[in-house]
Amino acid sequence: MVFTGASIERSVRGLSVSKVELTEFATTLWDRDDNRNATGDLLLDVGNYAGTTNTDQSPNNLFTKVSNSLLNGATYQSFLKLMDNYNPYTMQLETTSAKEDAEENDFIDAIMETRVMTYTLNFLINKDYVSSSTDLKAKLKNMWFKLYSRKTSYSTIDSSGFEHTFVGNNTYFIIIF
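### Quick word on the packing of aromatic side chains
- Here the structure, examined in full by the defined rule, presents eleven aromatic pairs.
- Ring centres of Phe 25 and Tyr 119 lie 5.7 Å apart, and the angle between their planes is 20°; this geometry places the pair in the stacked category. Separated by 94 residues along the polypeptide, Phe 25 in helix H1 (residues 19-32) and Tyr 119 in helix H5 (residues 115-126) bring together distant segments of the chain.
- By relative accessible area, Phe 25 is classed as buried at 13%.

See below:
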């Protein structure tokens with residue numbers, strides 16, 4: 001739903017964002033990403049495509065080299081701590097311990113210290129999508145870490161947006177992202 005008044009389009013969620021603004025926003029994020037890998041920081045072995053078998057045909061790991069300097073930053077360190085917080089199997093209850101909750105908060109705090117998220121916060125405040133850093137952190141926590149059921153046909157709380165995107169889920173021995 002969009003409301004028009006005083007020559008400003010205002011949606012229920014915030015001010016509209018044009019394609020040009022969105023392109024400029026994305027370009028600025030790219031330019032401000034101090035954690036972005038530099039040439040030579042990563043070496044990938046894309047291996048073989050799985051084809052129709054849904055099995056990994058690659059004999060090697062995808063990442064054959066990852067620079068230690070890349071992984072030593074606060075955002076990567078807090079990100080890596082999240083990797084063991086999830087049960088990879090769907091249809092099995094997912095829970096969050098106090099330690100895991102603290103790791104989620106530490107990750108959000110770490111990314112909020114970056115130039116990318118400082119710019120994002122200001123952009124979202126100017127567009128009335130969030131009111132403060134605390135508001136954005138709460139929205140990120142909800143979007144990324146709130147547990148939900150992957151299927152509507154059962155009530156088992158077995159995934160989160162973060163898990164599904166960055167860790168993956170395993171259904172019937174097939175990894176899904």
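### Side note on a nonpolar patch on the surface
- Judged by side-chain polarity, Leu 44, Val 46, Leu 62, Phe 63 and Val 66 come together as a nonpolar surface patch covering roughly 470 Å² of accessible area.
- Inspection of the secondary structure puts Val 66 in strand S5 (residues 63-66).

### Focus: the pattern of salt bridges
- Across all of its chains, the model carries seven salt bridges by this definition.
- Among the ionic pairs, Asp 34 bridges to Arg 115, the shortest N-O distance being 2.9 Å. Of this pair, Asp 34 sits in the loop between H1 and strand S4 (42-44) while Arg 115 is found in helix H5, placing the two residues 81 residues apart along the sequence.
- Across the salt bridge formed by Glu 104 and Lys 141, the nearest N and O atoms sit 2.9 Å from each other. In this pair, Glu 104 is assigned in helix H4 (residues 98-112) and Lys 141 in helix H6 (residues 133-145), connecting sequence segments 37 residues apart.
- Accessibility expressed as a relative area gives 4% for Glu 104, which makes it buried.
- Through salt bridges with shared partners, a single network forms among Asp 101, Glu 104 and Lys 141.

### With respect to the environment of Glu 100
- Among the structural elements, Glu 100 can be located in helix H4.
- Since its relative accessible area comes to 15%, Glu 100 is described here as buried.
- When the C-alpha atoms of Glu 100 and Leu 82 are compared, they prove to be 7.3 Å apart, with 18 residues separating the residues in sequence.
- The residues contacting Glu 100, other than those within four sequence positions of it, are Asp 84, Asn 85 and Thr 95.
- Here the side chain of Glu 100 touches Ser 97 through a polar contact of 2.9 Å, landing on its backbone nitrogen.

### A few points about the packing of H5 against H6
- The N-to-C vectors of H5 and H6 enclose an angle of 105°; their axes lie 10 Å apart at closest approach. Relative to H6, the element H5 is oriented roughly perpendicular. Along the contact surface, H5 presents Met 117, Leu 121 and Leu 124, while H6 presents Ser 133, Leu 136 and Leu 140.
- Tallied by class, residues from the contact of H5 with H6 come to five nonpolar, one polar and no charged.

### Looking at the nonpolar core
- In terms of nonpolar packing, the biggest core is built from 19 residues, with Phe 107, Met 112, Met 117, Leu 136, Leu 140, Phe 145 and Phe 162 touching the most fellow members.
- Elements with a contribution of two residues or more to this core: H1, H4, H5 and H6.
- Among the elements that take part in this core, H5 stands out by supplying five residues, more than any other.
- Excluding residues that lie within four positions of it along the chain, Phe 145 makes contacts with Leu 82, Tyr 86, Glu 104, Phe 107, Ile 108, Leu 140, Ser 160 and Phe 162.

The rules behind the values
Residues numbered from 1 in each chain as written. Predicted model: local features only at pLDDT ≥ 70, side-chain atom pairs only at ≥ 80, totals over all residues. Heavy atoms only, no water. Phe/Tyr/Trp six-rings, centres within 6.5 Å; stacked < 30°, edge-to-face > 60°. Helix = DSSP H or I, 4+ residues; strand = E, 2+ residues; numbered from the N terminus. Buried < 20%, exposed > 50% of the residue type's maximum accessible area, 1.4 Å probe, protein only. Patch = residues over 30% accessible without salt bridge, like charges linked within 9 Å, V, L, I, M, F, W, Y side chains within 5 Å. Areas by Shrake-Rupley, 256 points an atom, 1.4 Å probe, with all protein chains shown as cover. Salt bridge = Lys/Arg side-chain N within 4 Å of Asp/Glu carboxyl O. Contact = heavy atoms within 4.5 Å. Polar contact = N/O pair within 3.5 Å; in protein donor to acceptor, adjacent residues only side chain to side chain. Axes fitted to C-alpha atoms, helices over the stretch in contact; angles between N-to-C directions. Parallel < 35°, antiparallel > 145°, perpendicular 65-115°, else oblique. Nonpolar A, V, L, I, M, F, W, Y, C, P; charged D, E, K, R; others polar. Core = buried A, V, L, I, M, F, W, Y, C linked by side-chain atoms within 4.5 Å.

Such coordinate-based values are descriptive only and should not be taken to indicate function.
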